[in-house]
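Coordinate analysis (summary)
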Amino acid sequence: MNLHEYQAKEIIAAYGIPIPRGRVALTSDQVERAAKEFGGRCVVKAQIHAGGRGKAGGVRLVHHPEQAQDVGKELFGKRLVTHQTGPEGLKVRRILVEEAVEIAREFYLSITLDRASSRYCLIASAEGGVDIEEVAAKSPEKIHILTIDPFFGLRPYQARQIALALGLAGSLCEDCVNLILNLYRVCLEKDCFLAEINPLVVTKAGWLMAMDAKITFDDNAIFRHREYPDMMDYSQLDPLEINAGKYDLAYIKLDGTIGCLVNGAGLAMATLDVLKEFGGEPANFLDVGGGASREKVAEAFKIILQDDDVKGIFVNIFGGIMRCDVIAQGIIEAANEVHCPLPIVVRMDGSRVEEGKKLLLESGLNVQCGDSLGDAAQRIVSMLS
Ligand code: GDP
Ligand code: MN
C-alpha cells in the first residue's frame, strides 16, 4: 500500500525527522492561502502515487500566492505523467504547499526490505537526488548499502559510518545518525516495505531536512495497523482493481485482448504463458482463489467485462475444492446479467466437470469448451485473430 508524500512526511515528522512546514490543499484557493501563509515563496507539489514528479512539472517553485494559485489551477484534475506512472498518468487531486527551502546539498536515503536476504537494508548516496536511478546504473560504487541484522537492529555506529560516508561531519553527522535511527524505527513500528527520503538535504542555513518522502506499507501487516485503511487514496488506483480488492480477487490489468478467469495464482501464470505460447495477448491476470464461490466467480466475470480492451474470455478452472458445475452457474449468471456478447472458451477439469460443461453448452452463451489447456488456449487465440 502506497502513501502520498504528505502522509509519509507526517509519519516521519512524528518520529522526529525534520520536514519543511507545509499544508495540503484540495482547491487552488487553498493553494493560494497556504502560499500566503508561507510568505509567497513556496513549492507547490502534486500528490500522486509516483515519483519523478519534479521532471514532469509536478513540483514547482513559485514566488507569489497568485502564481501558486495558477499552478494549482493547472495541476488539479490533470493526469500527471512521469517515468513511473505509465502513459495514462495519475490524476492530481491533492497538492502539498510547502515553504521554499534553500538547498545546499542533496542526498539519497532509504530503508527497504531486501527479499534475497529477508532483511531490511539501508541505502544511501551523496549523489543522486532525482537522478538516483542513473547513479545506480552508471556508478554503483557511489551508493552505500548496509544490510541490517534483525537481532541486533541498526546500531548507532553503523548509522555513523553511513553519515560519514555521505561526507557529513560534526553536529550534522550526529543529526544524520539520529535521523537514520529514527527512519529505522519508522520501518519497524509501521511495518514498511519501503521508507525513502529523496532528497534528504542540508539547507543553506545548515540544517538536515527531508524534502521528499515515500512510504510503502507491507500489505501483509495491515491487520495490525487500524490507521492504514483511512490513509488509502483510492483515486490513485485503477477502479477495477478497487472492485477486485473488495471481493478479495487478485486482479492485475495487462495490455492484451484476452480476459482470463483462473483459480489459483500458479494456474493463472501458467495460463498466461500458454496463451502467449499460441500468440495470444492476455488482457489481465485474475485469480479468483482456490475456494471461489459462485458469487466470487460472477464478480470476477463482471470485472473482466468492464475492461473495454477485452475481446474474448478464457476461463481456466481446476475444480478441486470448487465444483465445476457451481463455477459454470457463476459464469452463466454473470454473463446473462451483463449481456455478454463476447466469445468464451472454457477449459475445466476436476469434480463434476461433465455437469459443468453441460450447463455451459446449454446456456445459450457464445461458449466453447476445450479438451485440454492447449486446445482451449488455441481456440480463443484463433477466434480473436
Ligand atoms: P519527485 O521528483 O517526485 O521525487 O519530487 P521531489 O519532492 O523530490 O522534488 C523534486 C526536486 O525538487 C527535489 O529533488 C528538489 O531538488 C526540488 N525541491 C523540492 N522542494 C524544494 C524546495 O523547497 N526548494 C528547492 N530549492 N528545491 C526543492
Ligand atoms: Mn523525490
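For the structure, check the block above.
Rules behind the numbers
- Residues numbered from 1 in each chain as written.
- Chains lettered and ligands numbered in written order.
- Predicted model: local features only at pLDDT ≥ 70, side-chain atom pairs only at ≥ 80, totals over all residues.
- Heavy atoms only, no water.
- Pairing = 2+ DSSP bridges.
- Helix = DSSP H or I, 4+ residues; strand = E, 2+ residues; numbered from the N terminus.
- Axes fitted to C-alpha atoms, helices over the stretch in contact; angles between N-to-C directions.
- Contact = heavy atoms within 4.5 Å.
- Buried < 20%, exposed > 50% of the residue type's maximum accessible area, 1.4 Å probe, protein only.
- Phe/Tyr/Trp six-rings, centres within 6.5 Å; stacked < 30°, edge-to-face > 60°.
- Donors = N, O, S within 2.8 Å, 3.2 Å for Na, K, Ca; no water.
- Salt bridge = Lys/Arg side-chain N within 4 Å of Asp/Glu carboxyl O.

1. Here's the deal with the sheet that holds strand S3 (residues 59-62)
Pairing within the open sheet is antiparallel, and its four strands lie in the order S1-S6-S2-S3. The sheet is open, and its two edges are formed by strand S1 (22-25) and S3, each paired on a single side. Taking the axes of each pair of neighbouring strands and ignoring which way they run, one obtains an average angle of 20° across the sheet. Sitting on the sheet, helix H3 (residues 65-75) is in contact with strand S2 (42-46), S3 and strand S6 (95-99), with an inclination near 160° to S3.

2. Concerning the environment of Ala334
Position of Ala334 relative to the elements: it lies in helix H11 (residues 324-337). On the basis of relative accessibility, which here comes to 0%, the residue Ala334 falls in the buried class.

3. Notes on the packing of aromatic side chains
Here a ring pair, both rings aromatic, is described through the centre-centre distance and the interplanar angle of the planes. Summed over all chains, the structure comprises three aromatic pairs. Seen in terms of ring centroids, Tyr120 and Tyr184 are 6.2 Å apart; in terms of plane orientation they differ by 85°. Their pairing is edge-to-face. Highlighted residues: Tyr120 in strand S8 (residues 119-125) and Tyr184 in helix H6 (residues 170-190), separated in sequence by 64 residues. A relative accessible area of 13% places Tyr120 in the buried class. Residue classification places Tyr184 among the buried positions, given a relative accessible area of 8%.

4. Looking at the environment of Leu166
Relative to the helices and strands, Leu166 is located in the loop between helix H5 (156-165) and H6. Residue classification places Leu166 among the buried residues on the basis of a relative accessible area of 2%. Through-space distance from the C-alpha of Leu166 to that of Tyr108 is 9.5 Å; in sequence the pair is 58 residues apart. Beyond its immediate stretch of four places on either side in the chain, Leu166 contacts Arg105, Phe107, Ala124, Ser125, Ala126, His144 and Cys176.

5. Some remarks on the coordination of the manganese ion (ligand 2)
Metal coordination angles have textbook ideals: 109.5 degrees for a tetrahedral set of four donors and 90 or 180 degrees for an octahedral set of six. Looking at the metal site, the manganese ion (ligand 2) is ligated by Asn198 (O) and Asp212 (OD), spaced 2.2 to 2.3 Å from it. Here the residue Asn198 occupies a position in strand S10 (residues 192-203), and Asp212 occupies one in the loop between strand S11 (208-210) and strand S12 (213-217), the gap between them amounting to 14 residues. Among the residues examined, Asn198 registers a relative accessible area of 13% and is labelled buried.

6. Overview of the pattern of salt bridges
Scanning the model with the defined rule gives 29 salt bridges in all. With a shortest N-O distance of 2.6 Å, Lys45 and Glu5 are connected by a salt bridge. In this pair, Lys45 is assigned in strand S2 and Glu5 in helix H1 (residues 5-14), connecting sequence segments 40 residues apart. We note a salt bridge from Asp212 to Arg53, for which the minimum N-O separation is 3.2 Å. In this pair, Asp212 sits in the loop between S11 and S12 while Arg53 sits in the loop between S2 and S3, placing the two residues 159 residues apart along the sequence. For the pair Asp212 and Arg53, a shared accessibility class is recorded, and that class is buried. Linked through salt bridges whose partners overlap, the residues forming this network are Glu5, Lys9, Lys45, Arg53, Glu98 and Asp212.

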